[in-house]
Amino acid sequence: MAEYHLITPLSDADVEKLRAGDVVHLTGIIYTGRDAAHKRLVEALDAGQPLPFDPKGAVIYYVGPSPARPGYVIGAAGPTTSYRMDSFAPRLIAEGLKGMIGKGMRAPEVKAAMAERKAVYFGATGGAGALLGLRIKKAKVIAYEDLGPEAVRELTVEDFPVLVINDCHGGDLYAVPELEAALG
């Protein structure tokens, strides 16, 4: 396992060097979106409309952050369960999305799309939303404000810590024998 510091947007070369279990610190712009926002993003694509951000090389974080306390950019920003975005992820990957951040396992169709198009799934630590929020330096809503915490936001992050769960080579951290044994 290796450790990388990557700057977004991600390139094919960035993604190709990553392996399940690698630690990555992301710096740059990432976007937020949960299931309601993903539904709207795919509906926009189906209607031939532009997305509120350029998906090429982008990383999307499955999060619905809490409101910011005074003096903070954002509130707690812990990951949400990723499987709720599985029906939408292959379409966004086909548009150039390179990274997704969440928690939990991904569907076979998502893993196949990542292998075909060179994308990666990162895990963020659930329950550490307040600490993750400290790595977010700027946050602004860029689409679907009516969704409240689930609106699409543009986040500027610095050394945002994630772990490679699924790489573009078929690696799956959840399929590591030692981890499977520990999880029972």
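No experiment lies behind these values; they were computed from the predicted model shown.

Draft legend 1. The arrangement of the overall build of the protein in detail. Across its full length, the protein holds six helices and seven strands. Helices (α) and strands (β) of the protein occur, in sequence order from the N terminus, as β-α-β-α-β-α-β-α-β-α-β-β-α. Its C-alpha radius of gyration of 15 Å places the protein within 12% of the 16 Å reference for a compact globule of 184 residues. By its C-alpha atoms, the protein is 45 × 40 × 30 Å across when sized along the principal axes. Across the 184 residues that make up the protein, the buried fraction comes to 47%. When contacts within the protein are restricted to residue pairs at least 6 apart in sequence, long-range pairs at least 24 apart make up 61% of them.

Draft legend 2. Expanded view of the side chain of Asn166. Examined against the element boundaries, Asn166 turns out to sit in strand E7 (residues 152-166). A distance of 3.4 Å separates a polar atom in the side chain of Asn166 from a polar atom in the side chain of Asp172. When sequence neighbours within four positions are dropped, the list of residues in contact with Asn166 reads Arg106, Lys111, Met114, Val120, Tyr121, Gly171 and Asp172.

Draft legend 3. Region of the structure containing the packing of aromatic side chains. This model, assessed by the stated rule, comprises two aromatic pairs. With a centroid separation of 4.2 Å and an interplanar angle of 15°, the aromatic rings of Tyr31 and Phe53 are classed as stacked. With Tyr31 in strand E2 (residues 23-32) and Phe53 in the loop between helix H2 (35-46) and strand E3 (59-61), this residue pair connects regions lying 22 residues apart in the sequence. With 5.3 Å between their ring centres and 70° between their planes, Tyr61 and Phe160 make a pair best called edge-to-face. Of this pair, Tyr61 sits in strand E3 while Phe160 sits in strand E7, and the two are 99 residues apart along the sequence. When its relative accessible area of 0% is taken as the criterion, Phe160 is described as buried. Arg69 extends its terminal NZ or CZ atom over the ring of Tyr72, reaching a point 4.2 Å from the ring centre. Here Arg106 stacks its cationic end above the ring of Tyr121, 4.8 Å away from the centre of that ring.

What counts, and where the lines are drawn
- Residues numbered from 1 in each chain as written.
- Predicted model: local features only at pLDDT ≥ 70, side-chain atom pairs only at ≥ 80, totals over all residues.
- Heavy atoms only, no water.
- Helix = DSSP H or I, 4+ residues; strand = E, 2+ residues; numbered from the N terminus.
- Rg over C-alpha atoms; globule rule 2.2 N^0.38 Å.
- Buried < 20%, exposed > 50% of the residue type's maximum accessible area, 1.4 Å probe, protein only.
- Contact = heavy atoms within 4.5 Å.
- Polar contact = N/O pair within 3.5 Å; in protein donor to acceptor, adjacent residues only side chain to side chain.
- Phe/Tyr/Trp six-rings, centres within 6.5 Å; stacked < 30°, edge-to-face > 60°.
- Lys NZ or Arg CZ within 6 Å of the ring centre and 35° of its normal.

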